[in-house]
Amino acid sequence: MELKNKNLLQTEAYINGQFTASASGSKFEVMNPYDGTVVAEVSDCAIADTEQAIQAASEAFQVWKKFTAGKRARILKRWYQLQLENVDDLAQILTIEQGKPLAEAKGEIKYGASFVEWFAEEARRIYGDTIPGHQGDKRIVTIKQPVGVVAAITPWNFPSAMITRKVAPALAAGCTVVIKPSELTPLSALALAELANQAGFPPGVINIVTTTDAKAVGEVMTSSPLVRKLSFTGSTRVGKILLKQCADSVKKVSLELGGNAPFIVFDDADLDIAVQGAIAAKYRNAGQTCVCANRLFVQSGVYDEFITKFTAAVKEQQLGNGIAAGTVIGPMIEEKAVQFVESVVSDAIAKGGEVLTGGQRNGDKSSLMYEPTVLANVTTDMSVYSSEIFGPVAPVFKFETEEEVIKLANDTPYGLASYFYGRDYAKIWRVAEALEYGMVGINTGMISTTVAPFGGIKESGFGREGSKYGMDDYLEIKYMCWGGIE
Ligand code: SIN
């Protein structure tokens, strides 16, 4: 790796303002998913390290919460600026450990930084209310206060932005944080810690516990009475476990979990725009985002034309090393992810599905690169219909009526993102209102932005990230009833 700022490559956990080895001294290897080479060895923390980080965050909370909003905002702004100044290095670190193409990695760093800028600005707008009293001698006032120490468990698919999207509102609100990044991508998290150090956060405000023992660390985070809030992005399976664990100490919880996004193309859609949107919504990050289009439903009148145009566009997507110029789809994250994709594609083929392009690994058996794939003749009994694919495979279903497609789209326990293309405005309102999802993209395949509330319903979780709503998850409302005012 050719970094301009070599300090960004940190390999030890970050606790109480110091990069520190784990108590046991053990380390784990971080691999480049493109070629399997070892990129770094990182501290493997366990229970004692996590407890130390939580203690540090708890002590720092007493200091940080008393900073004025303006002072917190200025430090956050410096952190934001440092992220932008170091965008090339941060993107390189991200691509090397995660695999996504460099241009996409740069996009992620800027997207992640934008949450820091946004919440630095929002810090000054944590307003309370005055409420007309219910009795003549009473006055009612509300204030908003930080919840306390926040545990943030973040995923490998956005190793930088999923941290800033949680940590920026938490810090802006006056909370302190303990982050557990994915063991597959800890380097991006540690690079953010290095910049946080430079930005001037007091020790203990941000802590990062790197570990391969997610279960033990997660148990400490969810059982500690010092932790008052858990924010998790990851699978629905793990989210349910964490939610149960948080019940005992009744923590505030936000969960951003799995999805099974429908992508609907109606007969009256602009097909070129729909194809472009489907490419973006399906193949971004090699299909490894919770908002990726998972099931494409195309109305019968345009099915053949859409399939032809879409397959041609998919064939142009260049698969390769994320660091190399021209690559638009990188490797998948790990072997078990590729095997899962292989299993859903085999299941579809066995039940009559047709591979129009892709349908296999690119390269030898150890390659983590899966070719961008289009499947036709798919049916609802196939696992591509009900499973979150989390890979570059697009199953295309044919439908006849609006009523039918709404039923199919909602036929899932998930409710994160959904997309549809059409031009009739009455239908647009009907469909947008009928889709049981937290987010709806209408004539667009790209819905992620700092300024909008990101989040799901049903088994995709609860809580919102980004936007003016993103701060609410890190604040408590206190109501004061003033009496005896004659
Ligand atoms: C995710 O996959 O969890 C986040 C995707 C995004 O922010 O676009």
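Residues numbered from 1 in each chain as written. Predicted model: local features only at pLDDT ≥ 70, side-chain atom pairs only at ≥ 80, totals over all residues. Heavy atoms only, no water.

Student: Go over the site of the ligand with me, naming the residues and quoting the values.
Tutor: Of all residues adjacent to the ligand, which total 13 residues, the nearest are Y111, E256, R284, C290 and S448. Y111 places a side-chain nitrogen or oxygen 2.8 Å from an oxygen atom of the ligand. Here S448 contributes a side-chain N or O atom positioned 2.4 Å from an oxygen atom of the ligand. For the ligand, whose unbound accessible area comes to 260 Å², protein coverage reaches 100%. Of the residues in the shell around the ligand, the class split is six nonpolar, four polar and three charged. (Near = heavy atom within 4 Å. Polar contact = N/O pair within 3.5 Å; in protein donor to acceptor, adjacent residues only side chain to side chain. Areas by Shrake-Rupley, 256 points an atom, 1.4 Å probe, with all protein chains shown as cover. Nonpolar A, V, L, I, M, F, W, Y, C, P; charged D, E, K, R; others polar.)

Student: Tell me about the packing of aromatic side chains, and name the residues and values.
Tutor: Scanning the entire structure with this criterion turns up 14 aromatic pairs. Plain terms: the ring middles of W64 and F67 are 5.2 Å apart, the flat faces sit at 45 degrees to each other, and that makes the pair tilted. When its relative accessible area of 0% is taken as the criterion, W64 is described as buried. An angle of 40 degrees between the planes, with centres 5.8 Å apart, marks the rings of F263 and Y419 as tilted. (Phe/Tyr/Trp six-rings, centres within 6.5 Å; stacked < 30°, edge-to-face > 60°. Buried < 20%, exposed > 50% of the residue type's maximum accessible area, 1.4 Å probe, protein only.)

Student: Can you tell me about the sheet that holds strand 14 (residues 354-357), naming the residues and giving the values?
Tutor: Taken together, the seven strands give an open sheet; going across it, the order is 14-15-16-13-12-17-18, and neighbouring strands pair in mixed fashion. Strands at the two margins of the open sheet, each flanked by one partner only, are strand 14 and strand 18 (439-442). The average undirected angle you get between the axes of adjacent strands in this sheet is 25 degrees. For strand 14 and strand 15 (residues 373-376), the ladder comprises three bridges, and the chain directions are antiparallel. The partner of V355 across the bridge, within strand 15, is L375. In the packing of helix 9 (residues 271-283) onto the sheet, contacts are made with strand 12 (261-265), strand 13 (293-299), strand 15, strand 16 (393-399) and strand 17 (417-421), and the angle to strand 12 comes to roughly 165 degrees. (Pairing = 2+ DSSP bridges. Helix = DSSP H or I, 4+ residues; strand = E, 2+ residues; numbered from the N terminus. Axes fitted to C-alpha atoms, helices over the stretch in contact; angles between N-to-C directions. Contact = heavy atoms within 4.5 Å.)

Student: Lay out the environment of A105 with the relevant residues and their values.
Tutor: Of note, A105 is situated in helix 4 (residues 102-122). A residue is classified by how much of its surface remains accessible, and A105, at 0% relative accessible area, is buried. Separated by 351 residues in sequence, A105 and G456 have C-alpha atoms that sit 24 Å apart. Residue contacts for A105: discarding those within four places in its chain leaves A91, L94, T95 and K100.

Student: Can you tell me about the domain arrangement of the protein chain, naming the residues and giving the values?
Tutor: Each assigned domain of the protein chain is listed here: domain 1 (6-257) and domain 2 (261-455). Look at where the C-alpha atoms of domain 1 and domain 2 centre, and you get two points 30 Å apart. On the domain 2 side, the residues contacting the 24 residues of domain 1 number 27 residues. Counting each side, the surface lost to burial between domain 1 and domain 2 is near 2,200 Å², with a carbon and sulfur contribution of 66%. At the boundary of domain 1 and domain 2, one finds zero salt bridges. For the interface between domain 1 and domain 2, the tally reads six residue pairs in polar contact (both at pLDDT 80 or more). When residues of the side of domain 1 that touches domain 2 are traced back to their parent elements, those giving at least two are helix 3 (87-98) and helix 4. Element by element, the count of residues in the side of domain 1 that touches domain 2 is highest for helix 4, at six residues. (Domains from an automatic or database assignment. Buried area = accessible area lost by both parts, 1.4 Å probe. Salt bridge = Lys/Arg side-chain N within 4 Å of Asp/Glu carboxyl O.)

Student: An account of the sheet that holds strand 6 (residues 139-146) is needed here, citing residue identities and associated values.
Tutor: Taken in spatial order, the three strands make up an open sheet running 5-6-20, and their pairing is antiparallel. Where the open sheet ends on each side, the last strands, each with one partner, are strand 5 (129-131) and strand 20 (475-482). Here the average twist between neighbouring strands, direction ignored, is 25 degrees. Pairing analysis gives eight bridges linking strand 6 to strand 20, with the strands arranged antiparallel. Its bridge partner lying in strand 20, P146 is registered against L475.

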